[in-house]
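Structural overview
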Amino acid sequence: QGYLVESGGGLVQPGGSLRLSCAAPRMILSTFSGSEFTWYRHTPGKERELVATSTSGAATIYSDSAKGRFTVSRDNARKRVLLQMNNLRPEDTAVYSCSAKFRSTTYWGQGTQVTVSA
């Protein structure tokens, strides 16, 4: 029942930037390179949206609205996955969470709040 730990959320003005971090849980630190990380976001009243995925060999932004503004990357030294969010819009306001899948096991984080408001 280990959780990923997301951090980096907060309140930012429209047009601002935030960098979210998803730290691998202790039990999969050794398997970080073989894990697929996924970023989601959820706003009350809306379905959870797939934002991005990251593997050792690929980084993909799936959210159409985020393309061109968000970048997902891996910090192998610190065993974390980063989601750089630039030119933030109020519509980006959501709880951002990440998951990590290694083989048949998936771990989830509890999310970090991102609020974009003037």
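Here is a short report on the structure shown in this document. This structure is a prediction, so every number in the text was calculated from the model and none was measured.

Let's talk about the overall build of the chain
Scanning the chain from terminus to terminus reveals zero helices and eleven strands. Along the chain, from the amino end to the carboxyl end, the secondary structure elements read β-β-β-β-β-β-β-β-β-β-β. Against the 2.2 N^0.38 benchmark of 13 Å for 118 residues, the chain shows a C-alpha radius of gyration of 13 Å, consistent with a compact globule. The proportion of buried residues among the 118 residues of the chain is 43%. When contacts within the chain are restricted to residue pairs at least 6 apart in sequence, those whose partners lie at least 24 apart make up 52%. The positive charge centre, built from 14 side chains, and the negative charge centre, built from 8, are 8 Å apart in the chain.

Brief notes about the nonpolar core
Judged by nonpolar contacts, the single largest core of 27 residues is most densely connected at Phe37, Trp39, Phe70, Leu83, Met85 and Tyr96. Put simply, the parts of the chain that give this core at least two residues each are strand E3 (18-23), strand E4 (36-42), strand E5 (49-54), strand E7 (70-75), strand E8 (80-85), strand E9 (94-102) and strand E11 (112-116). Among the elements that line this core, the one with the most residues is E9, at four residues. Those residues in contact with phenylalanine 70 that sit more than four places away from it in its chain are Arg41, Val51, Ile61, Leu83, Gln84, Met85, Asn86, Leu88, Asp92 and Tyr96.

Topic: the pairing of E7
Across six bridges, the pairing between E7 and E8 is antiparallel. Its bridge partner lying in E8, aspartate 75 is registered against arginine 80. Here E7 folds back onto E8, and the loop between the two strands holds four residues, one of which, lysine 79, carries a positive phi near 55 degrees.

Regarding the pairing of E3
Remark: a regular strand shows side chains that alternate across the two faces of the sheet. Across three bridges, strand E1 (residues 3-7) lies against E3 in antiparallel orientation. If you follow serine 7 over to E3, its bridge partner there is serine 21. Bridge analysis of E3 against E8 gives six bridges, and the strand direction is antiparallel. Opposite cysteine 22, over in E8, you have valine 81 as the bridge partner.

Comments concerning the pattern of salt bridges
Overall, the coordinates contain five salt bridges when judged by the stated rule. For the salt bridge of aspartate 92 with arginine 41, the shortest nitrogen-to-oxygen distance reads 3.0 Å. Of the two residues, aspartate 92 is situated in the loop between E8 and E9 and arginine 41 in strand E4; the sequence distance between them amounts to 51 residues. The partner of arginine 69 in a salt bridge is aspartate 92, with the nearest N and O atoms 2.7 Å apart. Taken together, the positions of arginine 69 in the loop between strand E6 (59-61) and E7 and aspartate 92 in the loop between E8 and E9 put the pair 23 residues apart, joining distant regions of the chain. Across this residue pair, the class does not change: arginine 69 and aspartate 92 are buried. In this structure, a network of salt bridges that share partners links the residues Arg41, Glu49, Arg69 and Asp92.

Concerning the side chain of aspartate 75
Take aspartate 75: it is sitting in strand E7. Judged by relative accessible area, aspartate 75 falls into the buried class, the value being 17%. Polar contacts involving the side chain of aspartate 75 include one to the main-chain amide nitrogen of arginine 78, which spans 3.2 Å. Residues in contact with aspartate 75, not counting those within four places in the same chain, are Phe32, Arg80 and Leu82.

Thresholds, definitions, all that
- Residues numbered from 1 in each chain as written.
- Predicted model: local features only at pLDDT ≥ 70, side-chain atom pairs only at ≥ 80, totals over all residues.
- Heavy atoms only, no water.
- Helix = DSSP H or I, 4+ residues; strand = E, 2+ residues; numbered from the N terminus.
- Rg over C-alpha atoms; globule rule 2.2 N^0.38 Å.
- Buried < 20%, exposed > 50% of the residue type's maximum accessible area, 1.4 Å probe, protein only.
- Contact = heavy atoms within 4.5 Å.
- Lys, Arg positive; Asp, Glu negative; His and termini not counted.
- Charge placed at Lys NZ, Arg CZ, Asp CG, Glu CD.
- Core = buried A, V, L, I, M, F, W, Y, C linked by side-chain atoms within 4.5 Å.
- Pairing = 2+ DSSP bridges.
- Salt bridge = Lys/Arg side-chain N within 4 Å of Asp/Glu carboxyl O.
- Polar contact = N/O pair within 3.5 Å; in protein donor to acceptor, adjacent residues only side chain to side chain.

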